[in-house]
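# Fold and contact review
So you can see what is in the structure, the chains are spelled out below.
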Amino acid sequence: MEKASSQKTSSPVGESKPRIDAREKVTGAALYADDIQFGNKLLHARIKRSPHPHALLKKVDLTKARRLPGVKAVVSGEDFSGFIGLYLKDRHIFCRDRVRFVGDPVAGVAAVTEEIAEKAIGLIEVEYEVLEPVFDPEFGASTQAPLLHPDLGQYVVASFILPKPGSNISNHFKIRKGDVTSAWKKCKAVIERKYRIPHIQHVPIEPHVAIAKVDESGEATLWDSSQSPFAQRDLIAETLGITQSKMRVIAPLVGGGFGGKAGVSMESLAVAIATRVKGYPVKLLLTREEEFYTAFVRQGLVAYFKMGCDKEGQLLAMENTFYWDGGAYTEYGVNITRAAGYSCTGPYEVPNVKADSYCVYTNHPVGGPMRGFGMPEMHAGLEQCLDELAHMIGMDAVEFRRRNCLKGDSILPTGGRMHPTGLSECLGKAAEAIDWGRKAPPSAPNKRRGKGLALMWKAPAMPGNASSSAWIEIAEDGVLTLGVGCQDIGQGAFTVAAQMAAAAFGVPYESVRLATPVDTRYSPYEWQTVASRITWSTGNAIINAARDARFQVLELVAKAWNETPEDLDIVNGMVVSFKSEREIPVRNLAVTGLPKADGKGWMGGPIIGHGNFMPAYVTSLDPDTGQGEHAVVHFTTGAQAIELEVDLDTGRIDILKGVAAFDVGKAINPDLVKAQMEGGLIQGISSALFECLQLKDGIVQNPNFVDYRIATSADLPRSIQSIIVEVPQDDGPWGARGIGEHSMVPTIPAIANAIYDAVGIRFEGPPFTAEKVYLAMLEAGIVKG
Amino acid sequence: MAFHEINLTVNRGLEQVRVPSNMTLMRMLRESLALTGTKNGCSAGECGACTVLLNGEPVNSCMVLAVECDGADVVTVEGLAGDLQLNPIQEAMIHAGGVQCGFCTPGVLITSRALLDRNPDPSEEEISAALVGNLCRCTGYIRIIESIKEAARMEMVRS
Amino acid sequence: MQMNAHPTLPEFDYVRPETLAEASKFLALHPDEARPFLGGTDIFVRMRNGSLALKFLVDLKKLDGTNDLRFDPHVGLTLGAAVNMNRVINSPDVSRHYPLLAEACRSVASYQLRTRATIVGNICNASPAGDTIGACMVFDGMLHVHGTGGQRQEPLASFFLGPGKTTLKPGDIVTAVTFPLPSGDCAGTYLKLGRNKLSDLSIVGVTVLASPYSSLPSGFRFRIVLASVAPVPLVAADAEAALAERAITSESLHQAASLAGDASAPIDDVRSTARYRKLMVRNLTEIALNIVWKKMQK
């Protein structure tokens, strides 16, 4: 296969084209799932949820609810026996014998109005037998903890996930590389630290919403705010005993996902209820409160790091242990555990590694994919630890990283080799942009100023055969219609898809439109819009589809002109011959073909290109050692640096400057890449300074915007700089790699390192609220009591 | 529950609607008038996705009862553009990249329009303060602020 | 439980009386089922999250006088109950004569909420976190109440009985809050500490107003009101007294701030801890006093 990075044509790749979907969004015409009009037949669903974090479900009485006028269906776990899950089938659509978190769905109602549905929920009588709950992952992993999933051993599980039946450990990922025990002896400095990273939530501004309709023939249609229409089709169909081709998912625009709208969470509830009211669309829209505690959340983490280096600052060994608070169901979270395991050294070369990454069931909200997929949580502690280690041997933190960071051909913790990477360049540029090494005086006597920096890496965490596909069809006006299965969740996927199709085929960007909304009946397959994989994976599929369409065109014209396709090209929608200098617009032949030269008939036909992409080279990892030749497709690497001030009167953190440098391989649309860097930085700052799901006895105390604070327009750094580094990925479209998640990964430790630089204090974990900082300064004697 | 016949102007058009007491302006716009540009992000007056102009001033429409709007003038995102062209704030938002997922965008546009109407040359601090009631999770607000500055410039040049 | 918040507002009847008498009578007739509302920002939230169930919501916004914002140079400022906070902020009279009131309003929530929120509503809600209450108290605000027994005035100083509790009886309607003319050379500030920079509720709020006062030994009268650190908006009386007794120096300001901290009785809640709040009262009061003292010296 011709290397993608050596594409001849490039424009409009590399140009900051305006978003293809901006106009509909600014006029209010853009349709999100809750905006679709369904007419008088629309029913409204509400869910009866467990008030207990852990209990046996003894009895569910639906009779009174069923008798309420206006109620069309009432269902419970008794009606749906199937298990559901992406990597581990550990969940039912509605609980059947046990509830495992506050909010766990026990029953569902469809009624003619939301109010009647609410009333009906109140009439459902449930008997529970309360069980001892588990709220801590370390305790949950121990033999003293009650078992939350006694049948773990019977669950269907992906081959690369390793549960421990008879425990609460749903995945144990290990790395055993080299010999850490002897390595410690060779270290000049060794550090051990523990970090506790709290749960946070994605907080998309659009809450989860799903509308499902099952018609008389049993064919199901699901309209939902979704990052994963095809995965939803597959998983929900399987669980309900519907064959996949009879389950259709239509995915309109998404009002923010951040991973929370991947996989299946609440969507199966709507489809399940809809099976009982054939012919009626049933809408389930989460309240903001439900969004906070019943949709996916980001898992909590208790992390132990031990790392050591020699006197030159060379890292010799790491021993890292992660206890992931996976929550009640870890069908998705198990892979976060794995990803953190194989990434556990951070983007550094470490010859001796011992890692244990445990995914542990707890009676907390359900952990799922959130921007970074374990990387922000892990780097939060790792990059602080590294700073401390550097400090121990008296070495500058940037210099320490320069010596240890991965370069092309460095050996990975899983044993394979790192590909060419601009990590060192990112480090250098971030350090330079923050003016590393120079300490500016504080802006006032009651401030302390500091700088901090952190590196990161992340690979798309997905099965080795996660794939993409695309089709291209051309209309009489020469405009390309591009079919994709990926979703634009705000990151600009549709825009760059159009740019890549335009470049690969040979038309202007404005001559490409997308066949959206994605509809699994017509759209080509896409694994999921997650993992920052779309530009890379779907991009490759688009190139293949464009190439296919191009070939059909060039072959046809070559035949008509009696030339060879190699002498022809498509430029700006025109087929041109370098040899004869003849030209013909693509639109003249795209549908109708061309007449034969002798006038005796026609050649060609409607041009329709198709292409797919599936990486062929990902290998499995040894279950005991975590070693394997090719663990992941690639890594995106990068750096962030922060300059901040701490206010001595209140403990408040004021971010003065935030700098980001990421190696994206090739910026297909530089403005959109920078927009991801900006948005990720702010979301990172928000997670570092404000965000925390306050869990007490399994109950979220702050499931609302009043008490779950996210960054507002007033919480921005005074200045921001986003730096694009481009070291091509050999199998990326024009060399491109992903960026969507990475921009949020190093922010917590960069800020933590800056706080330490300012006031000499570290914390067990974020958020670094003003209160936490102030009370720590008090304890340390920096301010007076 | 009581029902009320209300008359109001929405996006320069006269509307007559029958609403129950407990229906919010947001729900009336979205459900009775099918104006789905205004979004439901929290129903608690916190996120600003439901912001509309009520008698010229931005409000969280989820915190206003429809019945209170009898005789009122309401402008939603669908009413910002003229017949032939977009409102400068919409043009600027496209041009300066202030849109990502777009869900906060209608509310942001309304708040920004009102800001520029009362303060045609706002400082960055004034823009930030005006926007605190519009939560955005995608952009980090940076290009939204740029968009507003660009719209202000455009309007000063045109006037 | 807030987690079970309804998707929509629960059912109720909206009532809009034409006169004060009609409103008052209706409210007195349905003491547990009816409540008056102005901006509604507090009441709607509580109804949706299930902590308040009502049969009637009585809209007072069109009643006589409730929309008046009037300054009389001989008497003072009148703010009708329905005057929203943005109007207060934008009023030239308020900016000139009661700038602290505008400053306090500016700290509240967001522009959208301030289009609905009212100062009278803030007062009647009687949350100890109410941002504008301190300014109203230091300007000696007087509530004008129309009740079943007729009209009366209620000084703010004795109005608050506990979180959400006031001296109002069923049938009482606050039609306006008035403020006498402030002393000519007064200066004030409102410092609010939230979890993020703007739009939050206060973890701690400090209102300070100072005016020249020749009959006091220090020559100045300081008024200090604390938000979010007691069941009611708290007057830091000991601190005020200390600043009246002797000459104002940075030392006396520091000492007064300590007294304010001592006087506060905050609690632990989902937003913050008592310990941090107490320390912040002390720190913010000192900063506020210094800001105001600097203004006084100009």
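This text goes with the structure placed above it.
Presented here is an overview of the structure given in this document. From a predicted model like this one, the values you see are computed outputs, not experimental measurements.

Now for the overall build of chain C. Looking only at helices and strands, chain C features 11 helices and 14 strands. Computed over the C-alpha atoms, the radius of gyration of chain C is 19 Å, within 12% of the 19 Å expected from 2.2 N^0.38 for a compact globule of 298 residues. If you line up chain C on its principal axes, its C-alpha atoms span 60 × 45 × 30 Å. Of all 298 residues assigned to chain C, the portion counted as buried reaches 57%. Pairs at least 24 apart in sequence give 61% of the contacts found in chain C among residues at least 6 apart. A distance of 5 Å separates the average location of the 31 positive side-chain charges in chain C from that of its 27 negative side-chain charges.

Below, the discussion takes up the sheet that holds strand S11 (residues 209-214) of chain A. Residues and elements named next belong to chain A. As summarised here, the arrangement of the 8 strands in space is S3-S7-S1-S14-S11-S12-S13-S22, forming an open sheet in which the pairing is mixed. Of all the strands in the sheet, the pair left with one neighbour each is strand S3 (71-76) and strand S22 (518-519). Relative to strand S14 (residues 282-285), S11 runs antiparallel, the two being bridged by 4 bridges. Bridged to alanine 212 within S14 is valine 282. Packed onto the sheet, helix H3 (residues 114-123) meets strand S1 (43-49), S3 and strand S7 (105-111) and runs at close to 25 degrees relative to S1. Contacting S1, S3, S7, S11, strand S12 (220-224), strand S13 (247-251) and S14, helix H7 (residues 267-274) crosses the sheet at an angle of about 25 degrees to S11.

Take the sheet that holds strand S29 (residues 636-647) of chain A next. All names here are of chain A. The strand order S18-S29-S30-S33 describes an open sheet built from 4 strands, whose pairing is mixed. Since the sheet does not close on itself, it has two edges, and those belong to strand S18 (447-458) and strand S33 (719-725), each with one partner. The sheet shows a mean angle of 10 degrees between the axes of neighbouring strands, taken without regard to direction.

Attention now goes to the interface of chain A and chain C. Contact residues are listed per partner, giving 35 residues for chain A and 30 residues for chain C. Of the roughly 2,900 Å² buried between chain A and chain C, counting both surfaces, carbon and sulfur atoms make up 50%. Per-residue buried area on chain A facing chain C is highest for Arg652, Arg709 and Glu771 of chain A; these three make up 21% of the total on that side. The interface formed by chain A and chain C holds 5 salt bridges in total. The shortest N-O distance in the salt bridge between arginine 195 of chain C and aspartate 707 of chain A comes to 3.0 Å. Linking chain A with chain C are 22 residue pairs in polar contact (both at pLDDT 80 or more).

One pass over the structure, following the stated rule, counts 71 salt bridges over all chains. With its nearest N and O atoms 3.0 Å apart, the salt bridge here joins arginine 30 of chain B to aspartate 34 of chain A. Of the two residues, arginine 30 of chain B is situated in helix H1 (residues 25-32) and aspartate 34 of chain A in the loop between helix H1 (22-27) and S1; the pairing between them involves two chains. Note on aspartate 34 of chain A: relative accessible area 17%, which makes it buried. With a closest N to O distance of 3.1 Å, glutamate 154 of chain C and arginine 152 of chain C form a salt bridge. The partly exposed category is assigned to arginine 152 of chain C, whose relative accessible area is 30%. In this structure, a network of salt bridges that share partners links the residues Arg193, Glu383, Asp387, Glu388, Arg401 and Arg762 of chain A.

This part takes up the packing of helix H2 (residues 88-95) of chain B against helix H5 (residues 142-158) of chain B. All names here are of chain B. Running from N to C, H2 and H5 point in directions that differ by 130 degrees, and their axes come no closer than 8 Å. With respect to H5, the axis of H2 lies oblique. The element H2 and its partner H5 pack so that their crossing is right-handed. Counted together, Pro88, Ile89, Glu91, Ala92, Met93 and His95 of H2 and Ile144, Ser147, Ile148, Glu150, Ala151, Met154, Glu155 and Arg158 of H5 form the full contact between these two elements. A breakdown of the residues in the contact of H2 with H5 according to their chemical character gives 8 nonpolar, 2 polar and 4 charged.

Turning our attention to the interface of chain B and chain A. Interfaces are often sized by the accessible area lost when the parts come together. With 40 residues of chain B in contact, the opposing surface of chain A contributes 49 residues. Buried surface at the junction of chain B and chain A, summed over both partners, amounts to about 3,600 Å²; 58% is from carbon and sulfur atoms. For the chain B face of the interface with chain A, the top three residues by lost area are Gln100, Arg137 and Arg143 of chain B, together amounting to 23%. On inspection of chain B and its partner chain A, the count reaches 7 salt bridges. Arginine 27 of chain B is paired through a salt bridge with glutamate 114 of chain A; the nearest N and O atoms lie 3.3 Å apart. Taken together, chain B and chain A are joined by 18 residue pairs in polar contact (both at pLDDT 80 or more). Contributions of two or more residues to the side of chain B that touches chain A are made by H1, H2, helix H3 (105-118), helix H4 (124-131) and H5 of chain B.

As a further point, take the state of the cysteines. All names here are of chain B. A full pass over the atoms with the stated rule returns 0 disulfides over all chains. Cysteine 101 takes part in no disulfide bond, and the closest cysteine sulfur, belonging to cysteine 138, lies 3.7 Å away. Classification of cysteine 101 by relative accessible area gives buried; the value is 5%. Accessibility expressed as a relative area gives 7% for cysteine 138, which makes it buried.

Core analysis: the biggest nonpolar cluster contains 278 residues, and Leu482, Phe505, Leu644, Ile751 and Phe768 of chain A together with Phe222 of chain C have the highest contact counts within it. Apart from residues lying up to four places away in sequence, phenylalanine 505 of chain A is in contact with Ile474, Leu480, Ala546, Ala549, Arg550, Val553, Ile570 and Val586 of chain A. Leu20, Val94, Cys105 and Ala117 of chain C belong to the second-largest nonpolar core, a separate cluster that totals 53 residues.

Parameters and conventions
Residues numbered from 1 in each chain as written. Chains lettered and ligands numbered in written order. Predicted model: local features only at pLDDT ≥ 70, side-chain atom pairs only at ≥ 80, totals over all residues. Heavy atoms only, no water. Helix = DSSP H or I, 4+ residues; strand = E, 2+ residues; numbered from the N terminus. Rg over C-alpha atoms; globule rule 2.2 N^0.38 Å. Buried < 20%, exposed > 50% of the residue type's maximum accessible area, 1.4 Å probe, protein only. Contact = heavy atoms within 4.5 Å. Lys, Arg positive; Asp, Glu negative; His and termini not counted. Charge placed at Lys NZ, Arg CZ, Asp CG, Glu CD. Pairing = 2+ DSSP bridges. Axes fitted to C-alpha atoms, helices over the stretch in contact; angles between N-to-C directions. Buried area = accessible area lost by both parts, 1.4 Å probe. Salt bridge = Lys/Arg side-chain N within 4 Å of Asp/Glu carboxyl O. Polar contact = N/O pair within 3.5 Å; in protein donor to acceptor, adjacent residues only side chain to side chain. Parallel < 35°, antiparallel > 145°, perpendicular 65-115°, else oblique. Left-handed = near helix turned anticlockwise from the far one by under 90°. Nonpolar A, V, L, I, M, F, W, Y, C, P; charged D, E, K, R; others polar. Disulfide = S-S within 2.5 Å. Core = buried A, V, L, I, M, F, W, Y, C linked by side-chain atoms within 4.5 Å.

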